[in-house]
Amino acid sequence: MSLDQAWRSELVGVGFITLLLIPLGLGIGHLAILLWGGLSLYLAWHLYQLYRFTRWLGKPKSHPRPHLFGIWRPLMRRVDELSGRGQKRKRKLSRMLSGFLESTGALPDATLVLNDEGRIDWWNSVAAEFLGLDRKRDKGALIDDLISDPVFLNYLHTGHYGRPLQMPAPVNANVSLEVRIVPYGKGKRLLQARDITRLHQLEIVRRDFVANVSHEIRTPLTVVHGYVETMLESREAFLGPWKRILGQMQIQTLRMQRIVEDLLLLSRLETQRSNEGQGVVGIYPMLRGIVEGARHLSGDQGHRISLEADERLRLVGNCHELESAFANLVYNAVRYTPEGGDIRIRWWLSGNGPCFSVSDSGIGIAPEHIPRLTERFYRVDVGRSRESGGTGLGLAIVKHVLSRHDGKLVVESEPGKGSVFTCRFPHARVAS
Ligand code: ADP
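Residues numbered from 1 in each chain as written. Predicted model: local features only at pLDDT ≥ 70, side-chain atom pairs only at ≥ 80, totals over all residues. Heavy atoms only, no water.

1. Re the site of the ligand
Right, so step 1: Within the structure, the ligand sits among 21 residues, and Asn 332, Tyr 336, Ser 385, Gly 392 and Leu 395 are positioned closest to it.
Right, so step 2: Within the side chain of Tyr 336, one N or O atom sits 2.7 Å away from an oxygen atom of the ligand.
Right, so step 3: Here the element with the most residues in the shell around the ligand is helix 10 (residues 319-335); it accounts for 3 residues.
Right, so step 4: A per-class count over the shell around the ligand returns 10 nonpolar, 8 polar and 3 charged. (Near = heavy atom within 4 Å. Polar contact = N/O pair within 3.5 Å; in protein donor to acceptor, adjacent residues only side chain to side chain. Helix = DSSP H or I, 4+ residues; strand = E, 2+ residues; numbered from the N terminus. Nonpolar A, V, L, I, M, F, W, Y, C, P; charged D, E, K, R; others polar.)

What follows is the structure, given as structure tokens:
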């Protein structure tokens, strides 16, 4: 019987008893007493059933299931039905949760959930292994107390999670980790760490190989170049017919020397700590030297080279690295701008921090090449680059130097009209 039907039959029952009592009460002359007595009995019966029902509902495990009558029976069935449904949903949810925990536990990457206070809410077994976490001791602990690496803490607190961080594992310095943080929900963060030891070692092997080869080549190359120069300067008659070939050899050995020097500089930039040799750098005098060099490089090509620089604006950084980056940009402007073109060099403090820019009215660069310019040996026009003495490594050096100074390179260019290369540095780099 449904609850609606039970409710209707309950009303019918009450009506029936009342109708039975009225003629009986009139018959014996005590209608009011009989009605009061009958309805009181009915109420007492309901109260008794309500008592048994609530006693059972309060502690279903310690009281036997009551045998109820009237509307109480379908009511109890309904309660059974609802609690059964709740149990089913609970079982389904807990199955889903344990499935989810099993799958995240099986992930090869360390995964860790941080709450809005930076405390650890949950982690998988790989995280326990990489970060040395203990299930009982570290639940709810502050991540700052467990990983004390200052580089990690800086990454965690700056809130700039665009790029992953590479760091040694807190429990084993021989393991290299790539850490990513993903914010989600209200102030929560998901921290993922991947073992990149093999990749890291391969990268070291590659770097060492390039540095060693460049280093080994440097000496024999200097010797060959020296002999070629001596032969070119010699007045021996038998060398006369060979002078043209010797001239070509001189150009090529010079080019190789430049490539070797650039490769060695790049590997130094990759291996040295970024704050090594940093101090206050007076950019203005440095730029005057670079402009001198640019005029010399331009020779009789008649480039109009101008310098607008804030003389008092100084930068915290590495003098040699900055000079090499700025000189590369200025010399590129000379090399890729036809005779008589304009080259404008600027150094100023913008609203976002110090900026260095080189604008030229040169050949420009098509948009599809711009994102790849800072790759090693990437050239838009290989022939032109070689002809003008390029190594294809200049902008790769610029990019490395800037990243070691928290700066970035912005390139704007239009083929046939010219280019603007801007180096932007953060405010924190201004030397007071
Ligand atoms: P390269 O030694 O070949 O100049 P870079 O790394 O300095 O190597 O530059 C990479 C490429 O970017 C160059 O080959 C050239 O095609 C392009 N490039 C660089 N600077 C300029 C510029 N000011 N104008 C036009 N193209 C440029």
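2. With respect to the nonpolar core
Right, so step 1: By size, the foremost hydrophobic cluster in this structure holds 41 residues, and its most contacted members are Ile 283, Leu 322, Phe 326, Leu 329, Trp 347, Phe 356 and Phe 425.
Right, so step 2: For this core, the secondary structure elements donating two or more residues are helix 8 (243-271), helix 9 (283-298), helix 10, strand 9 (342-350), strand 10 (353-360), helix 12 (394-404) and strand 12 (418-424).
Right, so step 3: Among the elements that line this core, the one with the most residues is helix 10, at 8 residues.
Right, so step 4: Both domains that furnish three or more residues to this core are identified here as domain 3 (198-271) and domain 4 (278-432).
Right, so step 5: Among all residues touching Phe 326, those that are not within four sequence positions of it are Ile 283, Met 286, Leu 287, Ile 290, Phe 356, Cys 423 and Phe 425. (Core = buried A, V, L, I, M, F, W, Y, C linked by side-chain atoms within 4.5 Å. Buried < 20%, exposed > 50% of the residue type's maximum accessible area, 1.4 Å probe, protein only. Domains from an automatic or database assignment. Contact = heavy atoms within 4.5 Å.)

3. Some remarks on the domain arrangement of the protein chain
Right, so step 1: What the domain assignment reports for the protein chain is domain 1 (3-97), domain 2 (107-195), domain 3 (198-271) and domain 4 (278-432).
Right, so step 2: Computed from C-alpha atoms alone, the centre-to-centre distance between domain 2 and domain 4 is 39 Å.

4. As for the sheet that holds strand 13 (residues 430-431)
Right, so step 1: Read across the open sheet, the 3 strands follow the order 6-8-13; overall the sheet is antiparallel. The open sheet terminates on both sides in strands that have one partner only, identified here as strand 6 (279-282) and strand 13.
Right, so step 2: Here strand 6 runs beside strand 8 (residues 314-317); their pairing, made up of 4 bridges, is antiparallel. Within the sheet, the bridge partner assigned to Gly 282 lies in strand 8 and is Arg 314.
Right, so step 3: The sheet strands contacting helix 9 are strand 6 and strand 8, and the helix crosses strand 6 at an angle near 50°. (Pairing = 2+ DSSP bridges. Axes fitted to C-alpha atoms, helices over the stretch in contact; angles between N-to-C directions.)

5. Quick look at the environment of Asp 406
Right, so step 1: As for its placement among the helices and strands, Asp 406 is situated in the loop between helix 12 and strand 11 (408-414).
Right, so step 2: If sequence neighbours within four positions are ignored, Asp 406 has contacts with Pro 426 and Arg 429.
Right, so step 3: A polar contact of 3.1 Å, which involves the side chain of Asp 406, links it to the side chain of Arg 429.

6. Comments concerning the packing of aromatic side chains
Right, so step 1: Under the criterion given, the structure shown has 8 aromatic pairs.
Right, so step 2: Residues Phe 326 and Phe 356 carry aromatic rings whose centres are separated by 4.0 Å and whose planes lie at 20° to one another, so their mutual orientation is stacked. With Phe 326 in helix 10 and Phe 356 in strand 10, this residue pair connects regions lying 30 residues apart in the sequence. Each member of the pair, Phe 326 as well as Phe 356, carries the same accessibility label: buried.
Right, so step 3: With a centroid separation of 6.4 Å and 75° between ring planes, the pair formed by Trp 347 and Phe 425 is classed as edge-to-face. Placement of the pair is Trp 347 in strand 9 and Phe 425 in the loop between strand 12 and strand 13, with a sequence separation of 78 residues.
Right, so step 4: Residue classification places Phe 425 among the buried positions, given a relative accessible area of 3%.
Right, so step 5: Among the aromatic residues, ring-to-ring pairing joins Phe 326, Trp 347, Phe 356 and Phe 425 into one connected group.
Right, so step 6: Lying over the aromatic face of Trp 348, Arg 346 brings its terminal NZ or CZ to 4.0 Å of the ring centre. (Phe/Tyr/Trp six-rings, centres within 6.5 Å; stacked < 30°, edge-to-face > 60°. Lys NZ or Arg CZ within 6 Å of the ring centre and 35° of its normal.)

7. With respect to the sheet that holds strand 9
Right, so step 1: Taken in spatial order, the 5 strands line up as 7-9-10-12-11 in an open sheet, and their pairing is mixed. The open sheet has two edge strands, strand 7 (304-309) and strand 11, and neither has a second partner. Here the average twist between neighbouring strands, direction ignored, is 10°.
Right, so step 2: Strands strand 7, strand 9 and strand 10 of the sheet are contacted by helix 9, whose axis makes an angle of about 180° with strand 7.
Right, so step 3: Each of strand 7, strand 9, strand 10, strand 11 and strand 12 is contacted by helix 10, which is oriented at about 20° to strand 10, the strand it contacts most.

8. Thoughts on the pairing of strand 1 (residues 110-114)
Right, so step 1: When you tally the buried positions in strand 1, you get 5 out of 5 residues, the bulk of the element.
Right, so step 2: Along strand 1, one buried face is formed by Ala 110, Leu 112 and Leu 114 and the opposite face, lined by Thr 111 and Val 113, is buried too.
Right, so step 3: Strand direction decides the pairing type here: strand 1 and strand 2 (residues 120-123), joined by 3 bridges, are antiparallel. Paired with Val 113 across the bridge in strand 2 is Trp 122.
Right, so step 4: Taking the residues that link successive antiparallel strands as the turn, the strand 1-strand 2 hairpin has 5 residues, and the phi of Gly 118 there is positive, at about 80°.

9. A short note on the pairing of strand 10
Right, so step 1: With 8 of its 8 residues buried, strand 10 lies for the most part within the structure.
Right, so step 2: Connecting strand 9 to the next strand, strand 10, in antiparallel fashion are 2 residues.
Right, so step 3: Pairing of strand 10 with strand 12 involves 6 bridges; the strand directions are antiparallel. Looking at strand 12, one finds that Ser 357 is bridged to Thr 422.

10. A short note on the pattern of salt bridges
Right, so step 1: Under the criterion given, the structure shown has 18 salt bridges.
Right, so step 2: Where Asp 138 meets Arg 137, a salt bridge forms, and the shortest distance between an N and an O atom there is 2.8 Å.
Right, so step 3: For Arg 137, a relative accessible area of 57% corresponds to the exposed category.
Right, so step 4: Across the pair Glu 270 and Arg 376 runs a salt bridge, and its minimum N-O distance is 2.6 Å. Of this pair, Glu 270 sits in helix 8 while Arg 376 sits in the loop between strand 10 and helix 11 (382-387), and the two are 106 residues apart along the sequence.
Right, so step 5: Arg 376 gets classed as partly exposed once you look at its relative accessible area, which sits at 27%.
Right, so step 6: A network of salt bridges, in which partner residues are shared, links Glu 203, Arg 206, Arg 207, Glu 270 and Arg 376. (Salt bridge = Lys/Arg side-chain N within 4 Å of Asp/Glu carboxyl O.)

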